[in-house]
Amino acid sequence: CLVGSEMCIGGGFWQRTYGLAHLDLFSSGSPCTMLGLEKISKKRLGALSGGMQKRLSTALALMHSPRFLVMDEVLPALDRHYRAQLYGWLMRARGNGTAILYCSHEVEELKGICDKILVLREGETAYYGPVADFPTQSQVLDDMMNPKRD
């Protein structure tokens, strides 16, 4: 299934590479199915749009049911339906003990996923604390645009 540097998604390469040979990438309830990737299983990686590549990389990261997950701006790259699917998966994973380090500029998204929030400004901690004490999006933007200097 290898053609130059391109690989077919459903060709077995990903399963072997990520130690998932025993799994069907497109089984019911799998991250690939959750993110609507079954229709692209015969496509070459290079033929996928940027959004589809983001969905695929996210699904592959989730296949192992990791105990620690680092995600950077994943939800905004998805349409509403798949965003809800992934959000539900993240909430179940978090409830099952998966630690999630989630990077985003969307305050409401962070509030829905995180227990604690860390905001860095110019390499320094601007805020660290519980979600409940975190300011609103407009307060954060105001603080970022008009930082208080000592």
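Each chain carries its own residue numbering, running from 1 in the direction its sequence is written. Under the rules for a predicted model, residues below a pLDDT of 70 receive no local features and side-chain atom pairs below 80 are neither given nor counted, while totals for whole chains, interfaces and linings still include all residues. For side-chain calculations, the full set of non-hydrogen atoms in the structure is used, while hydrogens and water are omitted.

Our next topic: helix α4 (residues 80-95). Secondary structure is summarised from DSSP: a helix means a run of H or I of at least four residues, a strand means a run of E of at least two, and numbering begins at the N terminus for each. Under the convention used throughout, the expected extent of a helix is 1.5 Å for every residue step, that is, one less than its residue count. Taking 1.5 Å as the rise per residue, α4 with 16 residues should run 22 Å; its terminal C-alpha atoms sit 22 Å apart, in good agreement. Categorising residues by exposure relies on relative accessible area from a 1.4 Å probe, with only protein chains included: less than 20% of the type maximum marks a residue as buried, more than 50% marks it as exposed, and the intermediate range marks it as partly exposed. By the burial criterion, the buried members of α4 are Tyr-82, Leu-86, Gly-88, Trp-89, Leu-90 and Ala-93. Two residues form a contact once any of their heavy atoms are found within 4.5 Å. In this fold, the buried residues of α4 make contact with α2 (31-34), α3 (50-62), β3 (68-72), β4 (99-103) and α5 (107-113). Looking at the residues trailing α4, positive phi occurs at Gly-97, about 100°.

For this analysis, a nonpolar core means a set of buried residues of the types Ala, Val, Leu, Ile, Met, Phe, Trp, Tyr and Cys, connected via side-chain atoms within 4.5 Å. Leu-35, Leu-37, Leu-86, Tyr-102 and Ile-117 are the most contacted members of the largest nonpolar core, which totals 31 residues. Excluding its chain neighbours within four sequence positions, the residues that come into contact with Leu-86 are Met-34, Leu-35, Thr-58, Leu-62, Met-71, Val-74, Leu-75 and Leu-78.

Let us look at the pattern of salt bridges. Salt bridge, as used here: a side-chain nitrogen of Lys or Arg that lies within 4 Å of a carboxyl oxygen of Asp or Glu. One pass over the structure, following the stated rule, counts 1 salt bridge. With a closest N to O distance of 3.5 Å, Asp-115 and Arg-94 form a salt bridge. Of this pair, Asp-115 sits in the loop between α5 and β5 (116-121) while Arg-94 sits in helix α4; the two residues are 21 residues apart in sequence, bridging distant segments of the chain. Since its relative accessible area comes to 32%, Arg-94 is described here as partly exposed.

Fair warning: the whole summary comes from geometry, so function is off the table for now.
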